[in-house]
Amino acid sequence: MTIDDLTKQINLFLEETFAHNKARLKHINNVLAIALELGEIFSCNKEAITIAALLHDSTKQLNYQENLLLASTMFSESELLGIPEPCLHSYSAGALAKVKFGVEDQDILNAIIYHCSGRPQMSDLEMIIFISDYIEESRVFVSDDLKQLARLDLRQTTYIIMKETIEYLKSENKQISNLTLLAIQGFEENHYGGNE
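Scoring rules and cut-offs
- Residues numbered from 1 in each chain as written.
- Predicted model: local features only at pLDDT ≥ 70, side-chain atom pairs only at ≥ 80, totals over all residues.
- Heavy atoms only, no water.
- Core = buried A, V, L, I, M, F, W, Y, C linked by side-chain atoms within 4.5 Å.
- Buried < 20%, exposed > 50% of the residue type's maximum accessible area, 1.4 Å probe, protein only.
- Helix = DSSP H or I, 4+ residues; strand = E, 2+ residues; numbered from the N terminus.
- Contact = heavy atoms within 4.5 Å.
- Axes fitted to C-alpha atoms, helices over the stretch in contact; angles between N-to-C directions.
- Parallel < 35°, antiparallel > 145°, perpendicular 65-115°, else oblique.
- Left-handed = near helix turned anticlockwise from the far one by under 90°.
- Nonpolar A, V, L, I, M, F, W, Y, C, P; charged D, E, K, R; others polar.
- Polar contact = N/O pair within 3.5 Å; in protein donor to acceptor, adjacent residues only side chain to side chain.
- Salt bridge = Lys/Arg side-chain N within 4 Å of Asp/Glu carboxyl O.

Colleague: Mind showing me how you'd approach the nonpolar core here?
Modeller: Where a protein is soluble and globular, its nonpolar side chains tend to be buried together. Within the largest apolar cluster, 63 residues are counted, with the highest numbers of intra-cluster contacts made by Ile131 and Ile135. Tallying contributions element by element places helix H8 (residues 124-135) first for this core, with eight residues. In contact with Ile135, other than residues within four places in its own chain, are Ile34, Val142, Leu146, Lys147, Ala150 and Ile161.

See below:
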C-alpha cells in the first residue's frame, strides 16, 4: 500500500469514527499541521509525521475496557500496569496502527504510544508529536514563548512540557506516568533542565 493510500484509509477511518466529535477531528488535524511545520524545521520524515499525527488519538472514542483490550493485543499485562488511565488511549492507538493499518515502523509506533507521557531518549519524531499534541492552536493555555521555543529546540520544549504537565497533575492530585518522571530525570542528568 502506498503512503497516499494509507493516509486516505486513515482519514476515512477518522472521519467515520469521529463523525459526532468534530472537536476531536479538529484537534487531530491541528496536531498534524503543527507537526508538519516542526518536521520541516527539524528535517523529519513527512510521511512518518503524517501517520503518527493522524493516529495518535485514533482510539479516544473507546471506553477504558475497550482501550485496555485493544492495547493488550500489543502489550503484556505487566507493561500496561500502572499506566495512568488518560494515557491508555495512546497504547491502544499504537496497537490499532499496527493491527488495522499495518504500521511496522517502530519510530512511528513509539511516537503514537508515547505522545501522552513521553519517555526517556525520545527520537525527533516522538518529540514532534508529543510537542504538537500540547501546543496545537486550540490549546489556549500554552504560552507564545513555548510555541516559539518549539520551533528552535525540541528537547528543551519537551522538557518544559513535561514539567508543566507534572505540575498540573500534582495540583489536580492525578496520577503521573513513571515514564514522564524517568524522562525528566534523564533530561536533568544531561543538564537539559537549565533555568527555563
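Colleague: Help me out: how do you make sense of the packing of helix H2 (residues 22-41) against helix H3 (residues 46-55) in this one?
Modeller: Relative orientation and spacing of two packed helices are given, respectively, by the angle between their axes and the distance between those axes. Running from N to C, H2 and H3 cross one another at 155°; their axes reach a closest spacing of 9 Å. Put simply, H2 runs roughly antiparallel to H3. As for how H2 packs across H3, the hand of that crossing is right-handed. Across from Ile28, Asn29, Val31, Leu32, Ala35, Leu36 and Gly39 in H2, the residues of H3 making contact are Lys46, Ile49, Thr50, Ala53 and Leu54. Of the residues assigned to the contact of H2 with H3, the class counts are eight nonpolar, three polar and one charged.

Colleague: Explain the side chain of Thr59 to me, please; I cannot follow it from the model alone.
Modeller: Mapped onto the elements, Thr59 comes out in the loop between H3 and helix H4 (64-71). Look at Thr59 and you get buried, because its relative accessible area is 1%. A polar side-chain atom of Thr59 sits 2.8 Å from a polar atom in the side chain of Ser92. Contact partners of Thr59, with chain neighbours within four places excluded, come to Asn67, Leu70, His89, Ser92, Ala93 and Leu96.

Colleague: Would you mind showing me how to read the packing of H3 against helix H7 (residues 106-113) here?
Modeller: Look at H3 against H7: their axes get within 9 Å of each other, and the N-to-C directions meet at 30°. In this view, H3 runs roughly parallel relative to H7, as classed from their interaxial angle. For the pair H3 and H7, the crossing hand works out as right-handed. Along its contact with H3, which presents Ala48, Ile51, Ala52 and Leu55, the element H7 presents Ile108, Ala111 and Ile112. Tallied by class, residues from the contact of H3 with H7 come to seven nonpolar, no polar and no charged.

Colleague: Can you walk me through the pattern of salt bridges in this structure?
Modeller: Here the idea is simple: oppositely charged side chains can pair when their charged atoms come close. All chains considered together, the criterion is met by six salt bridges. Between Asp57 and Arg24 there is a salt bridge whose closest N-O contact spans 2.7 Å. With Asp57 in the loop between H3 and H4 and Arg24 in helix H2, this pair connects stretches of sequence that are 33 residues apart. Two residues, Glu188 and Lys163, come together in a salt bridge whose shortest N-O distance is 3.4 Å. In this pair, Glu188 sits in helix H11 (residues 178-189) while Lys163 sits in helix H10 (residues 154-171), placing the two residues 25 residues apart along the sequence. Residue classification places Glu188 among the partly exposed residues on the basis of a relative accessible area of 36%.

Colleague: Help me out: how do you make sense of the environment of Thr73 in this one?
Modeller: Its place among the elements puts Thr73 in the loop between H4 and helix H5 (77-80). Spatially, the C-alpha atom of Thr73 lies 29 Å from that of Ile184, the residues being 111 residues apart in sequence. Non-local contacts of Thr73, meaning those with residues more than four positions away in its chain, are made with Ala95 and Val99. Reaching out from Thr73, the side chain makes a polar contact with the backbone oxygen of Leu70 at a distance of 2.6 Å.

Without other data, these values stay purely geometric and don't point to any function.
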